[in-house]
Structure formats: structure tokens, C-alpha cells
Amino acid sequence: PEDTTYSAPVLGVINKKLQMVFGSGDGAIWSFEPRTGKPLWNYYTSVHGLNHSPTVIGDRVYCGVGEELVDAKGGADPRIGALICLDASKAK
């Protein structure tokens, strides 16, 4: 990743599985299995690194984005900033 990140990882149980969720320098929210380090899912939100730590409540992941958003084609969206909510139970 090009950018650094100040997002602290958080642990949560999603789909009855313990997951470590964090914002990354590549602009995505990532989830890993903490015991093995296996990537479980990711979701790209920004063209820059994420500095907000996510919050996990049940199967939902909430996270703020303070930079340019990713548009539907994967490029930069002129809008800046968002609060997102992901239903992580639907991750494949």
C-alpha cells in the first residue's frame, strides 16, 4: 500500500467466527482469522489509506472514511468522506 494507516484492529464474532477487522493502507477494510492469519474478506472504500478503526456489532461492521471514495469502476470518486455499514455475514 502507498499510504500508512492509523486504524487499530478490532476483534469481533461474525458468522460465529472470531475475526480481526481493520482499515488498511490500501483503502480497504480487511478481515482475517486471528489464529491463522487467513484473509476472510475485504471491502475497498477509499483510494487512500484508512485511519478510522472499525466497530463490529453483531455481523455489522461500521467504519468512517475521511478521504476520496472508490467509485463503482474502482477509480477515484470526487466525493470525500463517508460512514459505511457492511453486513459482513454476506462476505464470500
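Residues numbered from 1 in each chain as written. Predicted model: local features only at pLDDT ≥ 70, side-chain atom pairs only at ≥ 80, totals over all residues. Heavy atoms only, no water.

Colleague: Pulling in residues and values, what's your account of the pattern of salt bridges?
Modeller: This structure, assessed with the given rule, holds four salt bridges. Between E33 and K17 there is a salt bridge; the shortest N-O distance is 3.8 Å. Of this pair, E33 sits in the loop between β3 (28-32) and β4 (39-44) while K17 is found in strand β2 (residues 17-23), placing the two residues 16 residues apart along the sequence. Judged by relative accessible area, K17 falls into the partly exposed class, the value being 34%. Salt-bridge contacts for R79 lead to D77; the nearest nitrogen and oxygen are separated by 2.7 Å. What makes R79 exposed here is its relative accessible area of 53%. You can call D77 buried: its relative accessible area is 10%. Here the residues in one salt-bridge network are R60, D87 and K90, joined through shared partners. (Salt bridge = Lys/Arg side-chain N within 4 Å of Asp/Glu carboxyl O. Helix = DSSP H or I, 4+ residues; strand = E, 2+ residues; numbered from the N terminus. Buried < 20%, exposed > 50% of the residue type's maximum accessible area, 1.4 Å probe, protein only.)

Colleague: Give a detailed account of the sheet that holds β4, specifying residues and quantitative values.
Modeller: With antiparallel pairing, four strands are arranged side by side in an open sheet as β1-β2-β3-β4. Where the open sheet ends on each side, the last strands, each with one partner, are β1 (10-14) and β4. Each strand axis lies, on average, 25° off the axis of its neighbour in the sheet, ignoring direction. Sheet topology places β1 next to β2; five bridges connect them, and they run antiparallel. For L11, the partnering residue across the bridge sits in β2 and is M20. (Pairing = 2+ DSSP bridges. Axes fitted to C-alpha atoms, helices over the stretch in contact; angles between N-to-C directions.)

Colleague: Which residues make up the nonpolar core, and what are the values?
Modeller: Core analysis: the biggest nonpolar cluster contains 13 residues, and V21, I29, W41, V61 and L86 have the highest contact counts within it. Contributions of two or more residues to this core are made by β4, β6 (60-70) and β7 (76-87). Examining the composition of this core, we find that four residues originate from one element, β6, more than from any other. (Core = buried A, V, L, I, M, F, W, Y, C linked by side-chain atoms within 4.5 Å.)

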